[in-house]
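# Structural overview for review
Spelled out, the chains give:
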Amino acid sequence: QVQLVESGGGLVQPGGSLRLSCVASGFTFSDYAMSWYRRPPGKKRKLVAEINGAITNYDDSVKGRFTISRDNAKNTIYLQMNNLKPDDTAVYSCSARNWDRTYWGQGTQVTVSS
């Protein structure tokens, strides 16, 4: 059974850091491009970062602050988030896709507040 399980969210002060993890199972991890999306309160879901092989792409709002990475041996992707801002508050979801299908995790809450 396909599963994507996110962890690492929580409450952090502005300027702080968090590292999100997404552990995948039930499919061939290395064959899929992996992404992080987020849905801020009252807004639509939006792509934050993606990684496909060695190629990464980031939304302009997080460039220079967030880093996506993957460890194929552990079937895990990460999102290192530094210098967090209140506007980063959202539910962050992990996604896996190939040419014909997309999988989603349940999401983890990140709240940036003083």
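Here the structure is a predicted model, which means the values were calculated and not measured. (Residues numbered from 1 in each chain as written. Predicted model: local features only at pLDDT ≥ 70, side-chain atom pairs only at ≥ 80, totals over all residues. Heavy atoms only, no water.)

This paragraph deals with the overall build of the protein. Scanning the protein for helices and strands turns up zero helices and 11 strands. Starting at the N terminus, the α and β elements of the protein follow one another as β-β-β-β-β-β-β-β-β-β-β. Rg of the C-alpha trace for the protein: 13 Å, near the compact-globule value of 13 Å for 114 residues, within the 12% margin. Projecting the C-alpha coordinates of the protein onto the three principal axes gives extents of approximately 40 × 25 × 25 Å. Split into buried and exposed, the 114 residues of the protein put 42% on the buried side. For the protein, restricting intrachain contacts to residue pairs at least 6 apart in sequence, the fraction spanning at least 24 positions comes to 55%. Summed over its atoms, the accessible surface of the protein is roughly 6300 Å², and 45% of this surface lies on carbon and sulfur atoms. For the protein, the separation between the mean place of its 14 positive charges and that of its 9 negative charges on side chains is 4 Å. (Helix = DSSP H or I, 4+ residues; strand = E, 2+ residues; numbered from the N terminus. Rg over C-alpha atoms; globule rule 2.2 N^0.38 Å. Buried < 20%, exposed > 50% of the residue type's maximum accessible area, 1.4 Å probe, protein only. Contact = heavy atoms within 4.5 Å. Areas by Shrake-Rupley, 256 points an atom, 1.4 Å probe, with all protein chains shown as cover. Lys, Arg positive; Asp, Glu negative; His and termini not counted. Charge placed at Lys NZ, Arg CZ, Asp CG, Glu CD.)

Inspection of every chain in the model, using the stated rule, returns one disulfide. Here C22 is linked by a disulfide to C94, with a sulfur-sulfur distance of 2.2 Å. The disulfide joining C22 to C94 has a torsion of about -80° about its S-S bond and is therefore left-handed. Pair noted here: C22 is in strand β3 (residues 18-25) and C94 is in strand β9 (residues 90-97), with a separation of 72 residues, a long-range link. Comparing C22 with C94 shows no difference in burial state: the two are buried. (Disulfide = S-S within 2.5 Å.)

The next point concerns the sheet that holds strand β8 (residues 76-81). With respect to topology, four strands assemble into an open sheet ordered β1-β3-β8-β7, the strand pairing being antiparallel. Only two strands of the sheet have a single partner each, and these edge strands are β1 (3-7) and β7 (66-71). Across the sheet, the axes of successive neighbouring strands diverge by a mean angle of 15°, strand direction being ignored. In the sheet, β1 pairs with β3 via five bridges, with the strands oriented antiparallel. Of the residues in β3, the one forming a bridge with V5 is V23. (Pairing = 2+ DSSP bridges. Axes fitted to C-alpha atoms, helices over the stretch in contact; angles between N-to-C directions.)

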